[in-house]
Amino acid sequence: MQSGYIVNFFLWFFPILLEGCCPGKRQKKKTGFQQNTTHYHYRAVEGEIFMMPCIKCVNPHMEVLWPRTGDAREGNERPSFDCGRKFLAEAKHSGKYTCLTSGSKVFFHLQVVEKNSQCFQPLESSVMRVVGAGGEVPCPGLNCSDNTDVTWYKDDKAVSEQSRDSCEKSGVLHLCKVSELDTGVYFCERQIIEQEVKWIYRRTVNFTAIPHFTQSNSPRITYPDGNTTEEVELGRSHTLTCEVHFPFEIKFSPEVQWYMHYGGNMKNMTPLHMEEQQQERVTLQEFKVTQKAIIKKVTLQHLNNTYTCITSNSVKNSSVTIKLKEKIKVKWPSLVGYPIVSLLLVAGLGIVLHVKWLEIQLIYRSHFQNGKNDGDEKEFDVLLSYVWSPPSAEEEAVLTLSSRSGPDTDEEACLFSMDPLNSEEGIATQRPLEVLLPQVLEDRWGYRLCLLERDVIPGGAYIDDVILAIKRSQMLICLLSADYLSNSNAVFVLQSGVQALLQNSTLKLLLIWTNTASASLIQPDPPLPTLVQRALKVLPSLDWTAGKPTRATSNFWRSLRKAMPDHSKKLFHSCRTSDLSFSQHDVQHIYFTMQVVLLHSSLKLFACKCKT
């Protein structure tokens, strides 16, 4: 039994001993919500700042929301407040708010009371203290209560929990050394028990840390920087701006005003309509104030007036003057636009010429300089380049059908009779263009034709033979087909002809497509050289397709005859040099025969025109 008494004695005495030995270790933690019950009762003063408390709810990372329950005053809306949010207390905010915690509900009763003339002094709700010195912050309405046990908070944290040199004594907060960071909203709370209900009375103090004030500081105008002139556009609005830096004053009431002087008369001043003043705290000792005045529509009368910005504080006045002048409009199209557009056009033309220079050279040499003989007599009139392509079964059927069918109309019959190939022998023996064209050029039209497989001595260098044959010919004709563009030797002849055309303007070059495919659709393997690809797009060309109607065939031969070099001078020259071997009777007979042939051809042409 005695041992039990001894154990109980130590269990009771040991905590007291620790509390007496280590008073500094046992610090009483003060918070604004020390009640253990689930009901909190708070009173606030109407017109003062209040803040809903933050408690630990279900999710510690979730902000607490305080919605007002249904027992509020009838007819009033039910507001909700986030914890830690400051708001201006009003009578309509009175009511009961709830918050769901882990396991139970917390009820927060808020009662907003009206101000009393004796216990609610306006000066107590705002306190200013000089930075660097000590200061006291009294709790408003403390003289109306016998309870001096007050707990101070800054925002939502107790001042005693913040690391700062301060202490609470008789309900007054003592700051050992005021700093700029002390500026903010402070709350002082004291407890009142009414009808066995513990109410926490919360009052608000707006604390401001102010610098040392000297009476010698005056406002400083930073814009405009001295008297100046601004450019304006007639008929448009213009804004006059005045920026002033004011030193700190306890009773800070900056004044900035714009005035207009008619005709420059400083005595006759008229205030201008101004926008709302803008204030910004730059440093602890200085504020920036911006004042603007707007001229809705600038006229010539405004150019004759003077505008003054006058600013003042309790120490001194300052002013600055502005005059307006018309802004000279630069004619952008004439001074800037035309040179830029011209430069862009020249640059664009230069780029096009640079990219398409080869095509331009080929077009110019093949269309505008053909036929200019350099005085050297050519051995051949035409160099014909082709690759034998055997006709398909469909082409043979078409050729056979076309050879059996005659002209359908009288007009086609006339053209059919004028075609040099539409003789009985030509109709009976329709051949591919690779066989037909040499017969027409040599036998019918009398051109001196050069064929590489016939007129070039075998055994030599192929490249040299091709280049020499092109130099000895007045014109190069290439019969293009898919087989031709896939043959490297044939493509080399075409490429050499294009290079000769770029070097020698007397050479004529003609392309004859033997099928309906165009140069842009044929993709041979291997690919064509770039020079050949670009030349195929611009060089003169004719289309030939087996089985065309009589009119289309006649048009092809007529176009080919026009594209051929003119060898009438050569025929005349040969006749003139050989007439020495003819007698006078032979010459007369030849002349009469030519007249009959020309008359017969004229009659046929006239008959065709009459029928058409």
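Only a predicted model underlies this, so the values are computations on that prediction, with no experimental measurement involved.

Draft legend 1. Region of interest: the overall build of the chain. Broken down by element type, the chain carries 16 helices and 29 strands. When each of the 612 residues of the chain is scored for burial, the buried share is 35%. Relative to all contacts within the chain whose residues are 6 or more apart in sequence, the contacts with residues 24 or more apart total 70%. For the chain, the accessible surface area stands at approximately 38,000 Å², while carbon and sulfur atoms represent 55% of it.

Draft legend 2. Region of the structure containing the sheet that holds strand β27 (residues 473–480). Spatially, β26-β25-β27-β28-β29 is the arrangement adopted by the 5 strands of the open sheet, whose pairing is parallel. Each having just a single partner strand, β26 (449–451) and β29 (541–543) make up the two edges of the open sheet. For this sheet, the mean angle separating the axes of adjacent strands, direction not counted, is 25°. In terms of strand pairing, strand β28 (residues 508–513) meets β29 through 3 bridges, oriented parallel. Of the residues in β29, the one forming a bridge with Ile 512 is Leu 542. Seen against the sheet, helix α10 (residues 462–471) touches β25 (380–385), β26 and β27 and runs at an angle of roughly 120° to β27.

Draft legend 3. Highlighting the packing of helix α4 (residues 357–367) against helix α12 (residues 488–503). Remark: α4 packs on α12, axes separated minimally by 9 Å, with the N-to-C direction vectors making an angle of 75°. One element, α4, and the other, α12, form an angle in the roughly perpendicular class. Across from Leu 358, Gln 361, Leu 362, Arg 365 and Ser 366 in α4, the residues of α12 making contact are Val 498, Leu 501 and Leu 502. For the contact of α4 with α12, the residue count by class is 5 nonpolar, 2 polar and 1 charged.

So, how was this worked out
- Residues numbered from 1 in each chain as written.
- Predicted model: local features only at pLDDT ≥ 70, side-chain atom pairs only at ≥ 80, totals over all residues.
- Heavy atoms only, no water.
- Helix = DSSP H or I, 4+ residues; strand = E, 2+ residues; numbered from the N terminus.
- Buried < 20%, exposed > 50% of the residue type's maximum accessible area, 1.4 Å probe, protein only.
- Contact = heavy atoms within 4.5 Å.
- Areas by Shrake-Rupley, 256 points an atom, 1.4 Å probe, with all protein chains shown as cover.
- Pairing = 2+ DSSP bridges.
- Axes fitted to C-alpha atoms, helices over the stretch in contact; angles between N-to-C directions.
- Parallel < 35°, antiparallel > 145°, perpendicular 65-115°, else oblique.
- Nonpolar A, V, L, I, M, F, W, Y, C, P; charged D, E, K, R; others polar.

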